[in-house]
Amino acid sequence: MKKLLKLVVIFFLILILFSVLVLGYLGFVPGVSALFGSNKPRDLGVRFTPEDLNKAQSKLGQAVVEPKSNPNQQFNSAQGNPVDATLTQEEYSAHVQQIHPVSDLQIKLSGSSFEISGRIDKSRIPQFVRTWGIANASDTEILNVVNKYLPVDPIFYISGTGGASNNKLTVDLTKAELGRMPVPTDQAEQILKLYTETLFNAVSGFSVEDSNIQGGQLRFKGSAVKELPKY
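Residues numbered from 1 in each chain as written. Predicted model: local features only at pLDDT ≥ 70, side-chain atom pairs only at ≥ 80, totals over all residues. Heavy atoms only, no water.

*Asks:* Which residues make up the nonpolar core, and what are the values?
*Replies:* Formed by 30 residues in total, the largest nonpolar core has its most connected members in L105, F114 and I116. Residues in contact with F114, not counting those within four places in the same chain, are K108, L109, I158, S159, G160, T161, G162, V171, L173 and I213. Core analysis: the next-biggest nonpolar cluster, separate from the first, contains eight residues, V83, A85, F220 and A224 among them. (Core = buried A, V, L, I, M, F, W, Y, C linked by side-chain atoms within 4.5 Å. Buried < 20%, exposed > 50% of the residue type's maximum accessible area, 1.4 Å probe, protein only. Contact = heavy atoms within 4.5 Å.)

*Asks:* Mind laying out the packing of helix α3 (residues 50–59) against helix α5 (residues 89–99), listing which residues take part and the relevant values?
*Replies:* Angle between the axes and distance between the axes are the two parameters that describe a pair of packed helices. It is at 8 Å that the axes of α3 and α5 come closest, and there the two elements cross at 85 degrees. By the angle between their directions, the pair α3 and α5 is classed as roughly perpendicular. Side by side, α3 and α5 meet where D52, L53, K55, A56, Q57 and K59 of the first sit next to E90, E91, A94, H95 and Q98 of the second. Of the residues assigned to the contact of α3 with α5, the class counts are three nonpolar, three polar and five charged. (Axes fitted to C-alpha atoms, helices over the stretch in contact; angles between N-to-C directions. Helix = DSSP H or I, 4+ residues; strand = E, 2+ residues; numbered from the N terminus. Parallel < 35°, antiparallel > 145°, perpendicular 65-115°, else oblique. Nonpolar A, V, L, I, M, F, W, Y, C, P; charged D, E, K, R; others polar.)

*Asks:* Explain the environment of A188 residue by residue, including any values.
*Replies:* Examined against the element boundaries, A188 turns out to sit in helix α8 (residues 185–200). Owing to a relative accessible area of 12%, A188 belongs among the buried residues under this scheme. Sequence separation between A188 and D172 is 16 residues, and the spatial gap between their C-alpha atoms is 9.8 Å. What A188 contacts, discounting residues up to four positions off in sequence, is L173, A176 and V183.

*Asks:* Go over the packing of aromatic side chains with me, naming the residues and quoting the values.
*Replies:* Summed over all chains, the structure comprises two aromatic pairs. A ring pair is formed by F128 and Y195, whose centres lie 6.3 Å apart and whose planes are at 20 degrees; its orientation type is stacked. Taken together, the residues F128 in helix α6 (residues 125–131) and Y195 in helix α8 connect sequence positions 67 residues apart. Ring centres of F206 and F220 lie 6.1 Å apart, and the angle between their planes is 15 degrees; this geometry places the pair in the stacked category. In this pair, F206 sits in the loop between α8 and β8 (207–214) while F220 sits in strand β9 (residues 217–225), placing the two residues 14 residues apart along the sequence. Residue class for F220 comes out buried when judged on its relative accessible area of 9%. (Phe/Tyr/Trp six-rings, centres within 6.5 Å; stacked < 30°, edge-to-face > 60°.)

Okay, here's the thing in structure tokens:
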């Protein structure tokens, strides 16, 4: 009996250890993930500087300003200005990280395709959802919901081709990961479209007439708001 009990205990210890190692590799157990290097976004070789952000915002005719007491009202009432510009992958990476709740972002543009890696930054989500008018709640209320679905600050990776026209996103993903866990590309595409088009329609001063990747750069034609609240 003692021998059987010992075997059962050993079995469950091995099972727990295996589960921790697998979850660690997938990026969901911080201490273990560090051992595998899966706590860090994939390195795409793209590095941007504050100067790249300044160039991007200048091309878009957009200033990043301190948020007022009601950032959504401030954002939604911001006037748009016509834009026809081309951004380098460094400028685009800097711009996207500025306006979305992500960090360690790298966007690699090659020909007409893209790769994106980074980390979801949960600390920026409350101000983000209030700025975009998605929710009007306290930091605690928002993070309580977020923490049910996102462990730690998970890394992500997507690759594929795509563009936008008349505020509609077209995307064809070849790979998607959350942590190091593969995500079905059709599901990832639907989530990406819903997320993007929700933001497209949230601000009257913003619109996309045509946006696509050309020769390793992003061409954008449409309108951009003149002021973007920080978050």
